[in-house]
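# Residue-level structure breakdown
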Amino acid sequence: MINKVVANAQEAIQGIEDNMTLMLGGFGLCGIPENCISALVEANITGLTCISNNAGVDDFGLGLLLRKKQIKKMISSYVGENAEFEHQMLSGDLEVDLIPQGSLAERCRAGGAGIPAFFTPAGYGTEIAEGKEVRVFNGKPHILESALTANYAIVKAWKGDRAGNLIYKGTAMNFNPPMAMAGKITIAEVEELVEPGALDPNFIHTPGIFVQRIFRGEIFEKRIEQRTITK
Amino acid sequence: MINKVVANAQEAIQGIEDNMTLMLGGFGLCGIPENCISALVEANITGLTCISNNAGVDDFGLGLLLRKKQIKKMISSYVGENAEFEHQMLSGDLEVDLIPQGSLAERCRAGGAGIPAFFTPAGYGTEIAEGKEVRVFNGKPHILESALTANYAIVKAWKGDRAGNLIYKGTAMNFNPPMAMAGKITIAEVEELVEPGALDPNFIHTPGIFVQRIFRGEIFEKRIEQRTITK
Amino acid sequence: MLDKDGIAKRIAQELQDGWYVNLGIGIPTLVANYIPKGISVEFQSENGLLGMGPFPTEEEVDADLINAGKQTVTTLPGASIFDSSTSFAMIRGQHVQLTVLGAMEVADDGDIANWKIPGKMVKGMGGAMDLVASAENIIVAMMHTNRAGKSKLLRECTLPITGIKCVKKVVTNLAVLDITPEGFRLVERAPSISVEDIKNATEGRLVVEGDIPEMKI
Amino acid sequence: MLDKDGIAKRIAQELQDGWYVNLGIGIPTLVANYIPKGISVEFQSENGLLGMGPFPTEEEVDADLINAGKQTVTTLPGASIFDSSTSFAMIRGQHVQLTVLGAMEVADDGDIANWKIPGKMVKGMGGAMDLVASAENIIVAMMHTNRAGKSKLLRECTLPITGIKCVKKVVTNLAVLDITPEGFRLVERAPSISVEDIKNATEGRLVVEGDIPEMKI
């Protein structure tokens, strides 16, 4: 068993430097690596390119990095719900690359899977296709999309073992598995850190081979964006 | 909940006709759909193109279909361990298309995922690359491979529910999940058929959306090719 | 004229037994409340959930279980959860039989614009571009005209488009229309709405053949 | 001269702590028996298993748990099981640090042939083409010469190749050799084998610089 455990978020983010590219798992505020985001804020690393489906809200998630102007560029599919984001984007302080959500997920998986490019129909005929190769398969036009990788991928899981095997809970899974594959170094923060053998090998969502560092996160606030209730 | 249950293998294979293309899960004899293979033998459907990593052994697995000359073409990565296969191939009765194992798996996934083609380094510079587009990414040559789909995909799982959700056991998983995605109609035979809700939604290997028919297999012989033992 | 729930009810009549359905944010979400008796459908949420159930009770609320609109939800028996790449594999691979989504504009050739207004803050397309590029059966749920009274059913979209020639059917507060090579074909009128009303509210090519029945909802 | 276990022992010295390793069928499989003390490595079996353990006891045998050589195996704590597309995502994505495999021929530029002999029954390449095209670190384990006494370390492969310019190191019964732009660079001799013996058994370009130490195994 290869031991991947580090002490905490501060140790986990060692090596992340200004101007690097990071992937961060999560959908909205669900399944985001809260502890590493806090550590990045604290470490004041700047000029970051962040690949993440969303950009958090003003005072939580990636919004915390935005507020301190640590992010140079966001690569996302949906960035609403964030006034600070809007302000920085309109003022030109923040570059934004918007990507269809499925293409974003698949480009991350491709990056992890050694597939440098693939064809998808998503975005054909739209401004997303500008400058991209178009090819018709089975009578349907597709565009060529390239793989995404990152210096570091930072994911959040429910449980993990010391070998880096991860399982997720509910829809907090979302972008975490494909991004875990695509980091040159992948950091996982988990709610419970268990011994190898405690997780059933048949039901591992992210095999440990994709994870280089793992730690138990201290705090998981798990803020809810839209608390919808059946009375 | 959408009910996918059919009574048995005979009912499951209804609609499979001569000259169709089938995908069959399994690696060697591990995780193969034994019951559907028997039903196909019984139904004497011929001219089949079978996409399967291996071709069984003389008297088990796809070897049973080969013996009755029901297979016109095999699309596989490794076809050793089968004298009947060798005989038919050398006599020209059987067409064989050999594909690198990783490309085979990825081409099935791509077929299920609506990705008509992708680049891979596997096979570049070899006879596998003949006639295929070559493109260099990051200084490394890759070849363009296309998606595979099938009229029917036939997979074997450990447990499944009436909605078609599947879980696999051990390395009997292998090609079953990507092939389950790639069938126009996907048939799953399972050892245990359970009620919806009995399987934890967090740990479904193949979501039911990919499965159109499911049944509990009567017999699972699970023959072992290489019984290796530590004394 | 229909209200939002009326539009949702009419779209719900299009559901067929055994279908997997992706519902967008807004009016489409309401469709789940009106599934016809006797049929089973499953809802896919593109963040990674099949078999989505109703909103949770206070006790059931789980921050780790949300839908694509970021609302807390529940799962039904037979549900499954998966990652985003698998979720869009389902969508791109055409395993989802019906997509219902809102739009700012629809053109009479099936083009749709629903993600971006030049000059305004761009929030992003989310999963909409993958959905419209992939789905075989797309129904748009929207008001027939915008707040300024201008038609949203056009000859050509004026806004940046989300996908081309993909919409199959439009259900508005005024009518049900199919997209055909000749343009919008009027299929049904909303209660108390005349063909003339619909003609007046439709800028794109409109085909009206024979008697146009009133919707039954 | 080394026997098969000797070759495996020598290759095992190349293992580094924390590596994920894919071992091919034959001599490579034996490498697992000689992991140096104090280091942790995990073995990947391309049919879909990480953390492969030793063969099972009679009681443990499970038809649903085999390796890529179709042998019954066990799992170690920390193991994980996955499907074939994920397995080759690991390989193609270069998450596996070392691949050890056998060969029929290796050329002095790193080309390898190990899947097909024209005129003989073709069994298929299995995962070999993906492995050699993707792995950053490939060691070939083989006999220096074939049964007819002919060198398997060639100027150019005569058999259909499996991958080009990919092999980094060759460990044979006679020697350890690195692939360099100048050809096979002799690194170590097997016990009781002279440089002359190796020269005689090597058809490809052979670089011999300075004193060539004897292997320590």
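First things first, this report covers the structure right here in the doc. What you are looking at is a predicted structure, and each value in this text was computed from that prediction instead of being measured. (Residues numbered from 1 in each chain as written. Chains lettered and ligands numbered in written order. Predicted model: local features only at pLDDT ≥ 70, side-chain atom pairs only at ≥ 80, totals over all residues. Heavy atoms only, no water.)

### Some words on the overall build of chain C
Counting secondary structure elements, chain C contains 5 helices and 13 strands. Computed over the C-alpha atoms, the radius of gyration of chain C is 17 Å, within 12% of the 17 Å expected from 2.2 N^0.38 for a compact globule of 217 residues. Dimensions along the principal axes, computed over C-alpha positions, put chain C at roughly 50 × 40 × 30 Å. Counting across all 217 residues of chain C, residues that qualify as buried make up 63%. The long-range fraction of contacts in chain C, counting pairs at least 24 apart against all pairs at least 6 apart in sequence, stands at 61%. In the structure as shown, chain C presents an accessible area of about 8300 Å², 49% of it carried by carbon and sulfur atoms. Positive and negative side-chain charges of chain C, numbering 21 and 28 respectively, have mean locations separated by a distance of 6 Å. (Helix = DSSP H or I, 4+ residues; strand = E, 2+ residues; numbered from the N terminus. Rg over C-alpha atoms; globule rule 2.2 N^0.38 Å. Buried < 20%, exposed > 50% of the residue type's maximum accessible area, 1.4 Å probe, protein only. Contact = heavy atoms within 4.5 Å. Areas by Shrake-Rupley, 256 points an atom, 1.4 Å probe, with all protein chains shown as cover. Lys, Arg positive; Asp, Glu negative; His and termini not counted. Charge placed at Lys NZ, Arg CZ, Asp CG, Glu CD.)

### A short note on the overall build of chain A
The helix and strand inventory of chain A stands at 6 helices and 11 strands. For 231 residues, the compact-globule estimate of 2.2 N^0.38 gives 17 Å, and the C-alpha radius of gyration of chain A, at 18 Å, lies within 12% of that figure. Across its three principal axes, chain A shows a C-alpha extent of roughly 50 × 50 × 40 Å. Counting all 231 residues of chain A, 64% fall into the buried class. Sequence separation of 24 or more characterises 72% of the internal contacts of chain A that already satisfy a separation of 6 or more. Carbon together with sulfur atoms contributes 45% to the accessible area of chain A, which is approximately 7700 Å² in total.

### Structural notes on the sheet that holds strand β10 (residues 169–171) of chain C
Residues and elements named next belong to chain C. Taken in spatial order, the 10 strands line up as β4-β3-β2-β1-β5-β8-β10-β11-β12-β13 in an open sheet, and their pairing is mixed. Only two strands of the sheet have a single partner each, and these edge strands are β4 (75–81) and β13 (206–207). Alignment of strand β12 (residues 183–189) against β13, held across 2 bridges, turns out to be parallel. Opposite phenylalanine 184, over in β13, you have leucine 206 as the bridge partner. Along the sheet face, helix α3 (residues 84–92) touches β1 (20–23), β2 (42–45) and β3 (49–52) and points at about 125° away from the line of β2. (Pairing = 2+ DSSP bridges. Axes fitted to C-alpha atoms, helices over the stretch in contact; angles between N-to-C directions.)

### Quick look at the nonpolar core
Counting residues in hydrophobic clusters, the biggest one holds 78 residues, and the most contacted among them are A:Met23, A:Leu166, C:Val106, C:Val140, C:Val167 and C:Val170. Of all hydrophobic cores here, the second largest spans 77 residues; its members include B:Ile99, B:Met173, D:Phe43 and D:Ile198. (Core = buried A, V, L, I, M, F, W, Y, C linked by side-chain atoms within 4.5 Å.)

### Remarks on the interface of chain B and chain C
Taken together, the contacts link 21 residues of chain B with 23 residues of chain C. Carbon and sulfur atoms make up 62% of the surface buried where chain B meets chain C, a total of about 1700 Å² over both sides. At the boundary of chain B and chain C, one finds 0 salt bridges. In terms of residues, the side of chain B that touches chain C owes the most to one element, helix α5 (residues 101–113) of chain B, which gives 3 residues. Its residues placed into classes, the side of chain B that touches chain C shows 12 nonpolar, 6 polar and 3 charged. (Buried area = accessible area lost by both parts, 1.4 Å probe. Salt bridge = Lys/Arg side-chain N within 4 Å of Asp/Glu carboxyl O. Nonpolar A, V, L, I, M, F, W, Y, C, P; charged D, E, K, R; others polar.)

### Concerning the pattern of salt bridges
With the rule as written, the count across this model stands at 50 salt bridges over all chains. The salt bridge involving A:Glu191 is made with A:Lys156; its shortest N-O contact spans 2.5 Å. Taken together, the residues A:Glu191 in strand β10 (residues 183–194) and A:Lys156 in strand β8 (residues 150–161) connect sequence positions 35 residues apart. A:Lys156 sits in the buried class, given a relative accessible area of 4%. With a closest N to O distance of 3.2 Å, C:Asp108 and C:Arg155 form a salt bridge.

### Observations concerning the state of the cysteines
Residue and element names in this part refer to chain A. Applying the stated criterion across every chain yields a total of 0 disulfides over all chains. Unpaired in this structure, cysteine 36 has its nearest cysteine sulfur neighbour in cysteine 50, at a distance of 12 Å. Residue cysteine 36 is classed as buried on the basis of its relative accessible area, which comes to 0%. Relative accessible area serves as the criterion here: at 0%, cysteine 50 is assigned to the buried category. (Disulfide = S-S within 2.5 Å.)

### Points about the packing of α5(B) against helix α3 (residues 84–92) of chain D
One can describe the packing of α5(B) onto α3(D) by two numbers: an axis separation of 8 Å at closest approach and a directional angle of 125°. Regarding the angle of α5(B) to α3(D), the classification is oblique. Read as a crossing pair, α5(B) and α3(D) show a hand that is left-handed. Judged by residue contacts, B:Gln101, B:Gly102, B:Ala105, B:Glu106 and B:Arg109 of α5(B) engage D:Ser84, D:Ser85, D:Phe88 and D:Arg92 from α3(D). Along the lines of polarity and charge, the residues of the contact of α5(B) with α3(D) split into 2 nonpolar, 4 polar and 3 charged. (Parallel < 35°, antiparallel > 145°, perpendicular 65-115°, else oblique. Left-handed = near helix turned anticlockwise from the far one by under 90°.)

### So, empty space enclosed by the protein
This structure, assessed with the given rule, holds 10 cavities of 30 Å³ or more. Put simply, the largest cavity is a space of about 690 Å³. Around the largest cavity, the lining comprises 35 residues; the ones closest to its centre are A:His205, C:Asp83, C:Thr86, D:Asp83 and D:Thr86. When residues of the lining of the largest cavity are traced back to their parent elements, those giving at least two are α6 (176–182) of chain A, α6 (176–182) of chain B, α3 of chain C together with α3 of chain D. In terms of residue class, the lining of the largest cavity is built from 21 nonpolar, 10 polar and 4 charged. (1 Å grid on protein atoms, 1.4 Å probe; cavity = no way out; pocket = protein on both sides within 12 Å on 5 of 7 lines; lining within 4 Å. Points joined across faces, edges and corners; volume = space filled by probe spheres on them.)

### Details of the packing of aromatic side chains
Under the counting rule described, the total for this entry stands at 3 aromatic pairs over all chains. Pairing A:Phe203 with B:Phe203 gives two aromatic rings, centres 5.9 Å apart and planes at 70°, and the pair type is edge-to-face. Remark: B:Phe203 occurs in the loop between β10 (183–194) and β11 (213–216) and A:Phe203 occurs in the loop between β10 and β11 (213–216); the pair is interchain, linking two chains. Sitting above the plane of the B:Phe220 ring, B:Lys156 keeps its charged end 5.1 Å from the centroid. Here the basic side chain of B:Lys159 rests over the ring of B:Trp158, its NZ or CZ set 4.6 Å away from the ring centre. (Phe/Tyr/Trp six-rings, centres within 6.5 Å; stacked < 30°, edge-to-face > 60°. Lys NZ or Arg CZ within 6 Å of the ring centre and 35° of its normal.)

### Regarding helix α2 (residues 34–43) of chain A
Residues and elements named next belong to chain A. Of all 10 residues making up α2, 7 are buried, and the element is well covered by its neighbours. Among all positions in α2, only Glu34, Asn35, Cys36, Ile37, Ala39, Leu40 and Val41 are buried. Those residues of α2 hidden inside the fold are in contact with α1 (9–12), β1 (21–24), α3 (63–67), β8, β10 and β11. After α2 finishes, the residue asparagine 44 shows a positive phi value of roughly 55°.

### Some remarks on the environment of B:Ile16
Take B:Ile16: it is sitting in the loop between α1 (9–12) and β1 (21–24). Contact partners of B:Ile16, with chain neighbours within four places excluded, come to B:Leu22, B:Leu40, B:Ile45, B:Leu48, B:Tyr152, B:Ile154 and B:Ile187.

### A few points about the interface of chain A and chain C
Across the boundary between the two partners, chain A contributes 49 residues, which contact 47 residues of chain C. Between chain A and chain C lies a buried interface of about 4000 Å² when both sides are counted; carbon and sulfur atoms form 61% of it. Its largest share of buried area at the contact with chain C, chain A owes to A:Phe27, A:Thr171 and A:Thr228, together 15% of the area lost on that side. Taken together, the links from chain A to chain C amount to 5 salt bridges. We note a salt bridge from C:Glu58 to A:Arg227, for which the minimum N-O separation is 3.7 Å. Summed over the shared surface of chain A and chain C, the result is 25 residue pairs in polar contact (both at pLDDT 80 or more). Contributing elements (two or more residues each) for the side of chain A that touches chain C: α4 (83–90), α5 (101–113) and α6 of chain A. Sort the elements by how many residues they give to the side of chain A that touches chain C and α5(A) lands first, with 6 residues. Grouping the constituent residues of the side of chain A that touches chain C by class yields 21 nonpolar, 17 polar and 11 charged. (Polar contact = N/O pair within 3.5 Å; in protein donor to acceptor, adjacent residues only side chain to side chain.)

### Describing the environment of B:Asn19
Locating B:Asn19 in the fold gives a position in the loop between α1 and β1. Through-space distance from the C-alpha of B:Asn19 to that of B:Glu189 is 22 Å; in sequence the pair is 170 residues apart.

### Quick notes on the sheet that holds strand β6 (residues 105–107) of chain D
All names here are of chain D. Here we have 3 strands laid out as an open sheet, ordered β7-β6-β9, and mixed in their pairing. Two strands lie at the open edges of the sheet, namely β7 (112–113) and β9 (153–154), each paired on one side alone. By the bridge criterion, 2 bridges tie β6 to β9 in an arrangement that is parallel. Opposite alanine 107, over in β9, you have leucine 154 as the bridge partner.

### Focus: the pairing of strand β2 (residues 48–51) of chain B
All names here are of chain B. Residues Leu48 and Cys50 point to one face of β2 and Thr49 and Ile51 to the other, with burial holding for every one of them. For β1 and β2, the ladder comprises 3 bridges, and the chain directions are parallel. Note that in β2 the partner of leucine 22 across the bridge is cysteine 50. In this fold, β1 hands off to helix α2 (residues 34–43), which returns the chain to β2; that crossover is right-handed. Pairing geometry for β2 and strand β3 (residues 71–76), over 4 bridges, is parallel. By the bridge assignment, isoleucine 51 is partnered in β3 with isoleucine 75. (Right-handed = clockwise from strand over helix to strand, strands pointing away.)

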